Amino acid sequence: MCLGRATTFSGAGAVAKPIVIRQVWSSNLESEFHLIRSAIPDYPFVSMDTEFPGVVFHSVDPCHQNNRNPLNHYLLLKENVDATTLIQLGFTLTDSDGNLPEFGTESRYIWEFNFKDFDLMSDPHSVTSIELLRTQGVDFEKNREFGVDARLFGELLMGSALVCDDKVCWVTFHSGYDFGYVIRILTGKKLPEELKDFMVLLEVFFPVVYDVKYLIKFCNSLYGGLDQVALRLGMERDVGKGHQAGSDSLLTWRVFHRIRDTFFGGIDHEKHAGVLYGLEIIKDNNVLFFGSQWRHLKLFEVWEKIFSNPWCQRTTPKKEFRCVLLELTDLEQKVDHWMLGLLDIEKS
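The rules behind these values
Residues numbered from 1 in each chain as written. Predicted model: local features only at pLDDT ≥ 70, side-chain atom pairs only at ≥ 80, totals over all residues. Heavy atoms only, no water. Helix = DSSP H or I, 4+ residues; strand = E, 2+ residues; numbered from the N terminus. Buried < 20%, exposed > 50% of the residue type's maximum accessible area, 1.4 Å probe, protein only. Contact = heavy atoms within 4.5 Å. Areas by Shrake-Rupley, 256 points an atom, 1.4 Å probe, with all protein chains shown as cover. Core = buried A, V, L, I, M, F, W, Y, C linked by side-chain atoms within 4.5 Å. Axes fitted to C-alpha atoms, helices over the stretch in contact; angles between N-to-C directions. Parallel < 35°, antiparallel > 145°, perpendicular 65-115°, else oblique. Left-handed = near helix turned anticlockwise from the far one by under 90°. Nonpolar A, V, L, I, M, F, W, Y, C, P; charged D, E, K, R; others polar. pLDDT = per-residue confidence, 0-100. Arc of directions from axis to C-beta. Pairing = 2+ DSSP bridges.

## A word on the overall build of the protein
Logical step 1: When helices and strands are tallied, the protein shows 14 helices and nine strands.
Logical step 2: Scored against the burial criterion, the 348 residues of the protein give a buried share of 51%.
Logical step 3: Taking contacts inside the protein between residues at least 6 apart in sequence as the whole, the part at least 24 apart equals 73%.
Logical step 4: Carbon and sulfur atoms provide 51% of the accessible area of the protein, an area that totals close to 16400 Å².

## Structural notes on the environment of V171
Logical step 1: For V171, the location among the structural elements is in strand β6 (residues 169-172).
Logical step 2: On a C-alpha basis, the gap between V171 and S47 in space is 4.4 Å, while along the polypeptide they are 124 residues apart.
Logical step 3: When sequence neighbours within four positions are dropped, the list of residues in contact with V171 reads V46, S47, M48, Y210, V212, T252, W253 and F256.

## Here we look at unusual backbone geometry
Logical step 1: Of note in this structure, H174 is not a glycine but carries a positive phi near 50 degrees.
Logical step 2: Assignment of secondary structure puts H174 in the loop between β6 and α6 (176-187).

## Remarks on the nonpolar core
Logical step 1: Of all hydrophobic cores here, the largest spans 46 residues; its most connected members are F91, F113, F153, L162, W170, F198 and F206.
Logical step 2: Those elements giving two or more residues to this core turn out to be α1 (29-39), β3 (45-51), α2 (70-83), β4 (88-94), β5 (108-114), α5 (150-158), α6 and α7 (195-205).
Logical step 3: Contacts of F113, omitting those with residues within four sequence positions, involve V24, L29, F33, I36, I87, Q88, L89, F91 and F153.
Logical step 4: Counting 22 residues, the second-largest nonpolar core is a separate cluster that includes F173, Y210, C219 and L251.

## Comments concerning the packing of α2 against α6
Logical step 1: Running from amino to carboxyl end, α2 crosses α6 at an angle of 50 degrees, the nearest separation of the two axes being 10 Å. Taken together, the axes of α2 and α6 are oblique relative to one another. Viewed along their axes, α2 and α6 form a crossing whose handedness is right-handed. On the side of α2, the interface is formed by L76, L77, N80, V81, D82 and A83, while α6 contributes G176, Y177, G180, Y181 and R184.
Logical step 2: Per-class residue counts for the contact of α2 with α6 are six nonpolar, three polar and two charged.

## Here we look at the packing of α6 against α7
Logical step 1: Contact geometry of α6 with α7 gives a least axis separation of 11 Å together with a crossing angle of 75 degrees. Taken together, the axis directions place α6 and α7 in an arrangement best described as roughly perpendicular. Across the interface between the two elements, G176, F179, G180, I183, L186 and T187 of α6 pack against F198, L201, L202 and F205 of α7.

## As for the confidence of the model for the protein
Logical step 1: Of the residues in the protein, 73% reach a pLDDT of 70 or more, and the chain-wide mean stands at 81.
Logical step 2: Overall, residues 1-14 carries pLDDT values under 50, and its contacts beyond four positions in sequence, including any with other chains, amount to 32 contacts.
Logical step 3: Contacts for the low-pLDDT stretch residues 282-298, under 50 throughout, to residues beyond four places or in other chains number 57 contacts.

## As for α1
Logical step 1: Listed in full, the buried residues belonging to α1 are L29, E32, F33, I36 and A39. Buried residues of α1, viewed axially, fall in a sector of 120 degrees; they line one side. Pointing more than 90 degrees away from the buried face of α1 are the exposed residues E30 and H34.

## Concerning the environment of H174
Logical step 1: Taking the relative accessible area as the measure of exposure, H174 reaches 38% and is therefore partly exposed.
Logical step 2: Taking the C-alpha atoms as reference points, H174 and Y277, separated by 103 residues in sequence, lie 5.5 Å from one another.
Logical step 3: Leaving out residues up to four positions away in the same chain, H174 has contacts with D211, K213 and Y277.

## A closer look at the pairing of β4
Logical step 1: Burial of β4 is extensive: seven of the seven residues sit out of reach of the surface.
Logical step 2: Here β4 shows no split at all, with Q88, G90, T92 and T94 on one side and L89, F91 and L93 on the other all buried.
Logical step 3: As paired elements, β3 and β4 share seven bridges and run antiparallel to each other. Residue pairing for β4: F45 is matched across the bridge by T94.
Logical step 4: With four bridges joining them, β4 and β5 adopt antiparallel strand pairing. Paired with G90 across the strands is E112, a residue of β5.

Here it is as structure tokens:
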């Protein structure tokens, strides 16, 4: 039985059924996963958001120039994720049209998982982030007493049909940290030392992923955080507040749905699957794109070979390399051509 009452809000429009945020605690964790498993066949789009204790380790570079390199950004992400724990996780399940599961009731449902693992008295955290979450309604004392154990959550997630299935499409916003925490829970280990190994795990657990923060790079006039993007699209929250994982997961889906149909014609977004904002392979604003596991490994090989090469470091990448592989159709042949070219450079 759920602790307390679910939070209910009315959706946009008088005829819309109300949206209920299903609050998940240790007492109803298994029953809520049972509901989720039953919904996945009809609602295979999963939008996710997390709330965590903030960034406790920061870049030593005051201008954050090094963080623009995805390899450096991942190392900082790993350091923070390994040292902290999740506070909340939100799931929104929909079909391709954005319909939410109703389970034969007069309401529509999304989920918010409240975790017990974070100890405000002893665990590393950002004071600013904690105060923001408290202001937005997070009850840390209640989480600690009644919340979900992350290890049990990981076990149930593995058996939920949400992961390791390319028929399930994950939708997120600026989700490197989100997936970092979930992958750490699923594996029961600290994150891999290298970004390429993290990306392989991402593809194993989450074969189809869209990061809306990355997608808006290709949408004229859209920029900023989730709320700012929603505002520019003329959208309001259907439910809850910002920095509540359930509410943010629903708004993330709605923003994705709008830009998918408005800017990408409903299908053109598919070429951007598998890329997380901040962890894409970028040099001088040109993207080395990867989607499949083969592309992950092969393009990281290209990346490391190009930008660790002393010859390349002494030249201007704008002149010598145009790393735009995003639109290539015969990717494997092109990558092999690049590798041969780099070997020739080394010999010269």
